[in-house]
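Structural features, examined
Here's the letter readout for the chains.
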Amino acid sequence: MAPSRSAGVLAAVLLLLLCGATAGRRSDVRVLTDDNWRELLEGEWMIEFYAPWCPACQNLQPEWESFAEWGEDLEVNVAKVDVTEQPGLSGRFIITALPTIYHCKDGEFRRYQGPRTKKDFINFISEKEWKNIGPVSSWFGPGSILMGSMSALFQLSMWIRTWHNYFIEDLGLPVWGSYAVFALATLLSGLFLGLCMIFVADCLCPSKRRRPQPYPSKKLLPESSQPLKKVEEEQEADEDDVSEEEAERKEGTNTDFPQNAVRQRSVGPALAADQS
């Protein structure tokens, strides 16, 4: 009984030591975040984008860990990104499927779409198979302004989701109440941004207000007074013509009046004779 008991105790101690060594071993896979992702722009990297709840990602983890052990020999850095904790990086690389693997060489990014085994990863780096894949355009690179704005949008969506859960679970608001809060915040932020844009536009391009033109003074220079004198003379001539026409019209009416009176007088006696 004593030898068997001692053997069992020895086996248990060895098992505990083995488990402790395995658990205490540091992983060779580096973790990337929004703070240190710019390290990708130097050297050679293999990056995996994953989520803890993804079954395919869970199946890939052993192969990825084994591949990371060869990183020092292959002179490649093996990293991973948890998209649930780093939505900004997910937006920079436009991750639409999980897991997604990227290869980076001195700032040039290529998407890996080959088999996902340790051997295939090693051959991809050692044989430089990545040269057969076209790099991502600089417009869609993670360091571009476009992808930076996408990263901000992804972070904003995660922030809205976090606050939505806080309103519903912690504060006990109904779902429509949370939506009303976000709608009001959107309206107020839109008004504020609109006012800021109007203020900036008015500062950069001020509007030219029309001022009333001053009445030309009588004291003008000789050259500038000549056109004005011509205009005044033309106006006086027009007024004289109008006055002459009115005078002629009055004289015509005065001459017609006696003739009409004579006709009435001559016609009067004839009408009286006819009536008798």
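Nothing here was measured: the structure is a model prediction, and the numbers come from that model.

1. So, the pairing of strand E3 (residues 77-82)
For E3, the tally of buried residues reaches five of six residues, placing the bulk of the element in the interior. In this structure, strand E1 (residues 30-31) lies alongside E3, joined through two bridges in parallel fashion. Looking across to E3, one finds that Arg30 is bridged to Ala79. Pairing of strand E2 (residues 44-50) with E3, which is carried by six bridges, proceeds in the parallel orientation. Residue pairing in the sheet places Glu48 in a bridge with Lys80 of E3.

2. Looking at the pattern of salt bridges
Following the criterion strictly, the structure yields three salt bridges and no others. In this structure, Arg30 engages Glu39 in a salt bridge whose closest nitrogen and oxygen atoms are separated by 2.8 Å. Classification of Glu39 as partly exposed rests on a relative accessible area of 34%.

3. Description of the side chain of His164
Summarising the element assignment, His164 is placed in helix H6 (residues 145-170). Judged by its relative accessible area of 17%, His164 falls in the buried class. A distance of 2.7 Å separates polar atoms of two side chains, one belonging to His164 and the other to Ser178. With residues up to four places along the chain from it excluded, the contact list for His164 reads Val175, Ser178, Tyr179 and Phe182.

4. Thoughts on the confidence of the model for the chain
For the chain, per-residue confidence averages 76 on the pLDDT scale, and residues scoring 70 or more make up 68% of the total. Mean pLDDT values over the elements of the chain span from 45, in helix H1 (residues 2-24), up to 95, in E2. Note on residues 7-24: pLDDT under 50 across the span, and zero contacts to partners over four residues away in sequence or across chains. pLDDT under 50 marks residues 260-276. Its contacts with residues more than four places away, or in other chains, come to zero contacts.

5. Comments concerning H6
A rise of 1.5 Å per residue sets the reference length of H6, with its 26 residues, at 38 Å; its end C-alpha atoms lie 37 Å apart and thus fit the reference within 8%. Three or more residues of H6 are buried, namely Met147, Ser151, His164 and Phe167. Where H6 is buried, its residues contact helix H4 (87-92) and helix H7 (175-204). Just past H6, the residue Gly172 takes up positive phi, approximately 75°.

6. Considerations on the UniProt feature "transmembrane region" (unreviewed entry) in the chain
UniProt's feature table lists "transmembrane region" (unreviewed entry) at residues 139-160 and 181-201, given in the numbering used throughout. Helix makes up 73% of residues 139-160 and strand makes up 0%, while its end C-alpha atoms are separated by 27 Å. Secondary structure content for residues 181-201 is 100% helix and 0% strand, and the end C-alpha separation is 30 Å.

Rules used throughout
Residues numbered from 1 in each chain as written. Predicted model: local features only at pLDDT ≥ 70, side-chain atom pairs only at ≥ 80, totals over all residues. Heavy atoms only, no water. Buried < 20%, exposed > 50% of the residue type's maximum accessible area, 1.4 Å probe, protein only. Helix = DSSP H or I, 4+ residues; strand = E, 2+ residues; numbered from the N terminus. Pairing = 2+ DSSP bridges. Salt bridge = Lys/Arg side-chain N within 4 Å of Asp/Glu carboxyl O. Polar contact = N/O pair within 3.5 Å; in protein donor to acceptor, adjacent residues only side chain to side chain. Contact = heavy atoms within 4.5 Å. pLDDT = per-residue confidence, 0-100. Expected span 1.5 Å × (residues − 1). UniProt positions renumbered as here; feature names shortened; annotations may be inferred.

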